[in-house]
Amino acid sequence: DTSILPICKDSLGWMFNKLDMNYDLLLDPSEISAIYLDKYEPCIKPLFNSCDSFKDGKLSNNEWCYCFQKPGGLPCQNEMNRIQKLSRGKSLLGKF
């Protein structure tokens, strides 16, 4: 239950406020995508899905804060590790 957690502090709370472009105190997928320059960044959707504990399509401040405190590690780092593991052993195109 993320409702009992304190609000995010320091840079994590600042980032939430910066990303909340419509000031509704919730982050939607379009606001999360502002983190990345490349709109096809492979970890945006897994990040959002792993943080959206209430599965309502939006992230509250508590969901956001809790997401980065999970014992399993940071969501984007976990997704990038998963992608790297999947790509191991696959040959690359071209001469190297």
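Residues numbered from 1 in each chain as written. Predicted model: local features only at pLDDT ≥ 70, side-chain atom pairs only at ≥ 80, totals over all residues. Heavy atoms only, no water.

In the nomenclature of an unreviewed UniProt entry, the protein corresponds to TICN1 protein from the organism Semnornis frantzii. According to UniProt, the comment filed for the protein under the heading Subcellular location (unreviewed entry) is "Secreted". (UniProt positions renumbered as here; feature names shortened; annotations may be inferred.)

**Things to note about helix 1 (residues 10–19)**
Those residues of helix 1 not exposed but buried are Gly13, Phe16 and Leu19. All buried residues of helix 1 fall inside an arc of 130° around its axis, so they share one side. Along helix 1, the residues that are exposed and aim more than 90 degrees away from the buried face are Asp10, Ser11 and Trp14. Turning to helix 1, the residues buried within the fold contact strand 1 (26–27), helix 2 (29–32), strand 2 (59–60) and helix 4 (61–67). (Buried < 20%, exposed > 50% of the residue type's maximum accessible area, 1.4 Å probe, protein only. Helix = DSSP H or I, 4+ residues; strand = E, 2+ residues; numbered from the N terminus. Arc of directions from axis to C-beta. Contact = heavy atoms within 4.5 Å.)

**Concerning the state of the cysteines**
Under the definition given, this model contains one disulfide. Covalently, Cys51 is tied to Cys67 through a disulfide, its sulfur atoms 2.0 Å apart. Across the S-S bond linking Cys51 and Cys67, the dihedral sits near -65°, which makes this disulfide left-handed. Taken together, the residues span a long stretch of sequence, with Cys51 in helix 3 (residues 44–51) and Cys67 in helix 4 at a distance of 16 residues. For the pair formed by Cys51 and Cys67, the shared burial category is buried. (Disulfide = S-S within 2.5 Å.)

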